[in-house]
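Residue-level structure breakdown
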Amino acid sequence: MPGRRDIEVADLVETARGGPGHRGSPRAVARLISLVEDADGVAGPLLREVMAMLSPHVGSAHVIGLTGAPGVGKSTTTNALVGELRRAGKRVGVLAVDPSSPFSGGALLGDRIRMTDHAGDPGVYIRSMASRGHLGGLSWSTPQAIRVLDGVGFDVVLVETVGVGQSEVEIAGLADTTVVLLAPGMGDGIQAAKAGILEVGDVYAINKSDRDGATKVRRDLRSMLALGTRDEAAWRPPVLAISAQSRTGLDELVESLEKHRTWLAESGALGARRERRAREEIEAIAVASLRARWEQGGREGLDDLAAAVAGGTLDPYAAADALLG
Ligand code: GDP
């Protein structure tokens, strides 16, 4: 006999799930993502059950990462792209991840995102997330939130993140397809080389191509990409010109996303990428659990061991063994 909580969890997951003839409840989706965020690395029994129930349903969403420097037009592009995808009949979940902020769920990012076009559309779910929890990085909550949106039936999960520090590399590790946005008047070609974006983009879009300088950025980027060597040589990242504001080039963008998705499936790269992502998820969860255990201290707590190592009575290898033992 299933217990009471099993029934509640099953009910919550079922309410969140959308699909043919079944409209997911945004409120239930929000609750599931809050469970992920609140866990901050260490899952309680409820989250564990939720994830176990969602697991068989995960894997059909197209996970798209969208990154670029502040001001390049990520929110505007996301908003426009969601419109295009909706017209194609797709349900879209959006995660706006701020890698520099310890604040989550609140109005900060929510306000910033220009998503008013989609308010009240049950086929669109938008959530802002902070990613610098005390465990740091995108490594814990973002992949789990993606998992939730995928599992509850969104066709596309769009993860928008500011390209600062390592975040574009991290987002590329999570996404099936990574879109890198550039724009004229923002340091031009140099911004590309500096941020290491030449390695991470599956699709490049020069936004604000209604402005002067867009052609030059496009040309510079193309020649930089031509110089580079990439492992996945079979896929040549397109460099598109778009204007999110005047809504031009978006159909090409959607087409390139589709093409990349097809290429991933046909080349076998999709499976490889997803396994890589799963490995990172497992590692992040395992490390978080270990860290939580250490932080509880106790007999062989990290503090005691650190004091012993600093004091010269213990070497760090023996201390690490004691911590793991
Ligand atoms: P984000 O910081 O990358 O999310 O950028 P936003 O989407 O907030 O856009 C930054 C600024 O660029 C805003 O003032 C937008 O209105 C403007 N913007 C966005 N897309 C375009 C575009 O295609 N053309 C022009 N001229 N401006 C744009």
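Up top you'll find the structure we're talking about.
Structure report, in brief. Please read these numbers as outputs of a predicted model, since none were measured by experiment.

An α-helix turns once every 3.6 residues. As a result, residues three or four positions apart point the same way. The end-to-end C-alpha distance of helix H4 (residues 74–87), which contains 14 residues, comes to 20 Å, matching closely the 20 Å that a straight helix rising 1.5 Å per residue would cover. In terms of burial, H4 is largely enclosed, as ten of its 14 residues are buried. At the exit of H4 stands Gly89, carrying a positive phi of roughly 85°.

The subject of this paragraph is the side chain of Thr77. Within the fold, Thr77 resides in helix H4. Among residues more than four places away in sequence, those in contact with Thr77 are Leu66, Leu181, Asn207, Ile242, Ala244 and Leu253.

Moving on, we get to the sheet that holds strand S6 (residues 203–206). By way of backbone hydrogen bonds, the strands of a sheet pair with one another, either parallel or antiparallel. Overall, parallel pairing links the seven strands, which are arranged S3-S2-S4-S1-S5-S6-S7 in an open sheet. Strand pairing shows two members of the sheet lacking a second neighbour, strand S3 (124–130) and strand S7 (239–241), which therefore form its edges. Shown here is a sheet whose adjacent strand axes are inclined to one another by a mean of 20°, direction ignored. Strand direction decides the pairing type here: strand S1 (residues 62–68) and strand S4 (residues 156–162), joined by seven bridges, are parallel. Bridge pairing links Leu66 to Glu160 in S4.

Reading the values: the criteria
Residues numbered from 1 in each chain as written. Predicted model: local features only at pLDDT ≥ 70, side-chain atom pairs only at ≥ 80, totals over all residues. Heavy atoms only, no water. Helix = DSSP H or I, 4+ residues; strand = E, 2+ residues; numbered from the N terminus. Expected span 1.5 Å × (residues − 1). Buried < 20%, exposed > 50% of the residue type's maximum accessible area, 1.4 Å probe, protein only. Contact = heavy atoms within 4.5 Å. Pairing = 2+ DSSP bridges. Axes fitted to C-alpha atoms, helices over the stretch in contact; angles between N-to-C directions.

Nothing here speaks to function; it is all geometry.
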